[in-house]
Amino acid sequence: MDLGLRDRVCVVTGSTGGIGLATARLLVKEGVQVVTVGRREAPGVGEALHVSSDLGRPGAPEAVVARALDALGRVDSLVNNVGNAYQTSFEELTDDQWNDLWQLNVMSYVRAIRAVLPAMRDRGEGVIVNVSSTAGKRPSTGMPNYSVTKAAVLSLSRLVADTYAGDGIRCNAVTPGPVATEAWIGEGGLADQAAARSGKTREEVLASVGAGRPLGRLAEPEEIAAVIAFLCSPASSYVTGAAWSADGGTVPVLI
């Protein structure tokens, strides 16, 4: 399907693995000039530019946007995807852990959005897609700080949508459930962490997580990427301020 994205410029943060990598790959196939961003080396999916960056640092998201504007002349779409999650309990978390995750999962989004807004407003159009989580709608007791940051992303997305709709800028959030990426199924990932804390085997944890979705399985990253690409495209031109569930039916509420 041609989404009408050819020759547009899109910055995708956290795009050297997982959902971000799948999104970058799909957008490249749609003819988008993709700027990939992450701590790792360039993913080599046909990106127009790669910026290696730790987006949890103040000033880093702004520098990424500046590089994209300097190299490609504009940014039509921004996909904020970078983030981190780990299994813990509310009482175990330190102030530093709260702050570190807030800086990466929330403030990197704030800073990147703030950096792209002037150019988007000058052009009278732009699209921002923020990757949140089902945990932002219903908190996960095993990932307290992650859940709170992802709820903040939902509020941020609606705020930006309402504030800048008159400037031709759309902003939406996507809320995936568990996805079969390195973060979940990789060695030392969330499944291994949950197994260590619960006394279950890794296989039991993954089976339980899959069974907890009405569709009965984890998502594939390409399934989330398809929703993100749609929201970046002219096909979604009347969609703003929404939180798109891509969770296999996980959250049983209509929001």
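Conventions used here
Residues numbered from 1 in each chain as written. Predicted model: local features only at pLDDT ≥ 70, side-chain atom pairs only at ≥ 80, totals over all residues. Heavy atoms only, no water. Helix = DSSP H or I, 4+ residues; strand = E, 2+ residues; numbered from the N terminus. Rg over C-alpha atoms; globule rule 2.2 N^0.38 Å. Buried < 20%, exposed > 50% of the residue type's maximum accessible area, 1.4 Å probe, protein only. Pairing = 2+ DSSP bridges. Axes fitted to C-alpha atoms, helices over the stretch in contact; angles between N-to-C directions. Contact = heavy atoms within 4.5 Å. Parallel < 35°, antiparallel > 145°, perpendicular 65-115°, else oblique. Nonpolar A, V, L, I, M, F, W, Y, C, P; charged D, E, K, R; others polar.

Caption draft 1: The overall build of the protein, seen in detail. Each helix and strand in the protein was counted, giving eight helices and seven strands. The globule rule puts the C-alpha radius of gyration for 255 residues at 18 Å, and the 17 Å found for the protein is close to it. For the protein, the spread of C-alpha atoms along the three principal axes comes to 55 × 40 × 35 Å. Evaluated residue by residue, the protein yields a buried proportion of 53% over its 255 residues.

Caption draft 2: Region of the structure containing the sheet that holds strand β6 (residues 169-176). Taken in spatial order, the seven strands line up as β3-β2-β1-β4-β5-β6-β7 in an open sheet, and their pairing is parallel. The open sheet has two free edges, formed respectively by β3 (49-52) and β7 (243-246), since each of these has just one partner strand. Here the strands of the sheet are splayed against their neighbours by 15° on average, with no regard to which way each runs. Relative to β6, strand β5 (residues 126-131) runs parallel, the two sharing six bridges. In the sheet register, Ile128 faces β6, and the bridge partner there is Cys171. This element, helix α8 (residues 221-232), spans β4 (77-80), β5, β6 and β7 of the sheet and lies at about 170° to β6.

Caption draft 3: View of the packing of helix α6 (residues 190-198) against helix α7 (residues 202-211). With their axes 8 Å apart at the nearest point, α6 and α7 run at an angle of 110° to one another. Relative to α7, α6 is oriented roughly perpendicular. In this structure, α6 uses Ala191, Asp192, Ala194, Ala195 and Ser198 to contact α7, whose residues at the interface are Arg202, Val205 and Leu206. Here the residues of the contact of α6 with α7 are counted per class, giving five nonpolar, one polar and two charged.

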